[in-house]
Amino acid sequence: MRERKIEAAAEARRQPEQVEPSAEARRQSGRPESPAEARRQPEQVEPSAESRKQSGRPEPSADARRPVGKPVYVELAMRCTMEELWRHTQQPERHERWDLRFSSIRYLPREEGEAQRFLYTTRIGFGLAIRGSGATRERTGSDGVRVSALQFQSPQRLSLIRSGAGFWRYEPGERPGELRFLTRYTYSTRFGASGRLLDRFVFRPLMGWATAWSFDRLRLWLEKGWAPELTLRLALVYAVSLALLSGLWLYEGLVPKLLLPSSEELRLLHGLGFSPEAARMSLAALGLGEAALGAALLLGRSARLLRWQGVLLAALAAGALISRPEQLAEPFSALTLTLPMLGLSAAALLAQPFVPRAGRCRRQPPSASEAARRRADADSPLRSRSGADGSHGAADIPLDFERSLFDDPSSR
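Reading the values: rules and limits
Residues numbered from 1 in each chain as written. Predicted model: local features only at pLDDT ≥ 70, side-chain atom pairs only at ≥ 80, totals over all residues. Heavy atoms only, no water. Salt bridge = Lys/Arg side-chain N within 4 Å of Asp/Glu carboxyl O. Helix = DSSP H or I, 4+ residues; strand = E, 2+ residues; numbered from the N terminus. Buried < 20%, exposed > 50% of the residue type's maximum accessible area, 1.4 Å probe, protein only. Contact = heavy atoms within 4.5 Å. Pairing = 2+ DSSP bridges. Phe/Tyr/Trp six-rings, centres within 6.5 Å; stacked < 30°, edge-to-face > 60°. Axes fitted to C-alpha atoms, helices over the stretch in contact; angles between N-to-C directions. Parallel < 35°, antiparallel > 145°, perpendicular 65-115°, else oblique. Left-handed = near helix turned anticlockwise from the far one by under 90°. Nonpolar A, V, L, I, M, F, W, Y, C, P; charged D, E, K, R; others polar. Expected span 1.5 Å × (residues − 1). Arc of directions from axis to C-beta. Core = buried A, V, L, I, M, F, W, Y, C linked by side-chain atoms within 4.5 Å.

Draft legend 1. Structural context of the pattern of salt bridges. With the rule as written, the count across this model stands at 14 salt bridges. Glu-277 serves as the salt-bridge partner of Arg-280, at 2.7 Å between the closest nitrogen and oxygen. With a gap of 3 residues between them, Arg-280 and Glu-277 both fall in helix H10 (residues 276-300), about one helical turn apart. Its relative accessible area of 44% is what places Glu-277 among the partly exposed residues. Bridged by salt links that share partners, the residues Glu-75, Arg-169, Glu-171 and Arg-180 form one connected network.

See below:
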């Protein structure tokens, strides 16, 4: 037994020593690092705030890893020149006049080749305002298509938007003299799950509507020469007139006819020859019709419907006066209600042609077949970096300040 142990020890001494492959050899062979080697690797150190400040790069954020919602997409065709559209969107004093999302925009000084940094303010009422900063950089393709990339952030705790990014794209339209102006952007939010829910169901749809409404406001400025301040005032006149008119129809239909049937309304129907039972049924049916008309006015916003309800107003007032002519001597009668409602109808009809409409804009990216047709019409070197819809995809929109606008040499 002892001899066998001695022979085994001698055999072990004769075996060549197993050498652990080096880290370089492991990388070349594609083999993973050993646990010991992994422990010997130096820890990756994030650059300090001071080094970032010296290099001109802002503090990194974790927003690139934060969940974001569906990007906002808005597209609108405009009949104007490229230079006109560029000036009205790239000059801060012009941009802040038509864009409902910003109250003021101020460019900061920059060196040649640097991204254009800016500060923005959005007043939200009650003396409160959201302030933030951003940077933008533009590219021009060989066919004249322009792209302006944007990144933005707000350090305010009050702001639901933490940071985001997107782009504007300027390209020829389908008809001569027409340009296609489109944007796509997204952002990350604060306040955790509650902030994401608020953004998904309220804030992001509101931002999409405000973007589309502002695009049409810009179109009216460029095509018609109507100043943004004028169209905003007329939009307010239209909205207030329509809301009051709709509210009056809803009240007249629901309260004195359905919920609390008015004895005065029943007497008017009796005067027209209705029996008591027929008067009650007719009053309820009339109330349903008036309430439906009020809802349709508010939701449909149709000029034709406005005109027809004016005719209906006049007919109802005439019937009431024929039934009881003595009410002309009363302080509150069908005439005193009908005339103000006709005035609101006229104000809404006069203001409507001057009002921007978000519904004129396209809110979804084009389909794959339409995108292919667009690319066939006018190919651009920028499209190779775009998504299937001819624009940057959602995944191509960076959400931190560490990407293309500041660090990509090809963008300078």
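Draft legend 2. Quick look at the environment of Met-207. Within the element layout of this structure, Met-207 appears in helix H7 (residues 192-224). Separated by 107 residues in the primary sequence, Met-207 and Leu-100 place their C-alpha atoms 9.5 Å from one another. Setting aside anything within four residues of it in sequence, one finds Met-207 in contact with Arg-101, Ile-161, Tyr-185 and Tyr-187.

Draft legend 3. Examining the pairing of strand S7 (residues 179-189) more closely. The buried fraction of S7 is high, at 11 of 11 residues. Looking at chain direction, strand S1 (residues 72-78) and S7 are connected through 7 bridges and run antiparallel. Each residue of the ladder has a partner; that of Val-74, found in S7, is Thr-183. Note: strand S6 (residues 161-172) against S7, 11 bridges, orientation antiparallel. Across the sheet, Tyr-170 pairs through a bridge with Phe-181, a residue of S7. Counting the residues that bridge the hairpin from S6 to S7 gives 6 residues, and of these Gly-177 lies at a positive phi of roughly 80 degrees.

Draft legend 4. Structural context of the packing of aromatic side chains. Scanning the model with the defined rule gives 11 aromatic pairs in all. Measuring from centroid to centroid gives 6.1 Å for Trp-98 and Trp-168, while their planes differ by 35 degrees, and the two rings are tilted. Separated by 70 residues along the polypeptide, Trp-98 in helix H6 (residues 92-98) and Trp-168 in strand S6 bring together distant segments of the chain. In terms of burial, Trp-98 and Trp-168 fall into one category: buried.

Draft legend 5. Region of interest: the packing of H7 against helix H8 (residues 228-259). Where H7 meets H8, the closest approach of the two axes is 9 Å, and the angle between their N-to-C directions is 125 degrees. Taken together, the axis directions place H7 and H8 in an arrangement best described as oblique. Between H7 and H8 lies a crossing whose hand is right-handed. Between H7 and H8, the contacting residues are Trp-213, Arg-217, Leu-220 and Trp-221 on the first element and Pro-228, Glu-229, Thr-231, Leu-232 and Ala-235 on the second. Residues of the contact of H7 with H8, tallied by class, amount to 6 nonpolar, 1 polar and 2 charged.

Draft legend 6. Up close: the sheet that holds strand S4 (residues 128-140). Taking strand neighbours across the sheet as the criterion, the 7 strands line up as S1-S7-S6-S5-S4-S3-S2 in an open arrangement whose pairing is antiparallel. Across the chains shown, the open sheet's two edge strands, defined by having one partner strand only, are S1 and strand S2 (104-107). Here the average twist between neighbouring strands, direction ignored, is 20 degrees. Contacts between helix H5 (residues 82-90) and the sheet are confined to S1, S2, S4, strand S5 (146-153), S6 and S7, with S6 contributing the most and set at about 165 degrees to the helix. Contacting S1, S6 and S7, H7 crosses the sheet at an angle of about 10 degrees to S1.

Draft legend 7. View of helix H12 (residues 334-351). Over its 18 residues, H12 extends 26 Å from the first C-alpha to the last, a length consistent with the 26 Å expected when each residue adds 1.5 Å. Of the residues making up H12, those classed as buried are Ala-334, Thr-338, Met-341, Leu-344, Ser-345, Ala-348 and Ala-351. Buried positions in H12, seen along its axis, are confined to an arc of 160 degrees and lie on one side of it. Seen from the buried face of H12, the exposed residues on the opposite side, beyond 90 degrees, are Leu-339 and Leu-350.

Draft legend 8. Structural detail: the nonpolar core. In terms of nonpolar packing, the biggest core is built from 44 residues, with Met-78, Leu-85, Phe-181, Phe-215 and Leu-218 touching the most fellow members. The element that contributes the greatest number of residues to this core is H7, accounting for 7 residues.

Draft legend 9. Just the packing of helix H9 (residues 263-271) against H10, in detail. The interhelical angle for the contact between H9 and H10, taken along N-to-C directions, is 120 degrees, at an axis separation of 9 Å. Classed by the angle they form, the pair H9 and H10 counts as oblique. The handedness of the crossing between H9 and H10 is right-handed. The segment H9 lies against H10, with Glu-265, Leu-266, Leu-269 and His-270 engaging Pro-276, Ala-279, Arg-280, Ser-282 and Leu-283.

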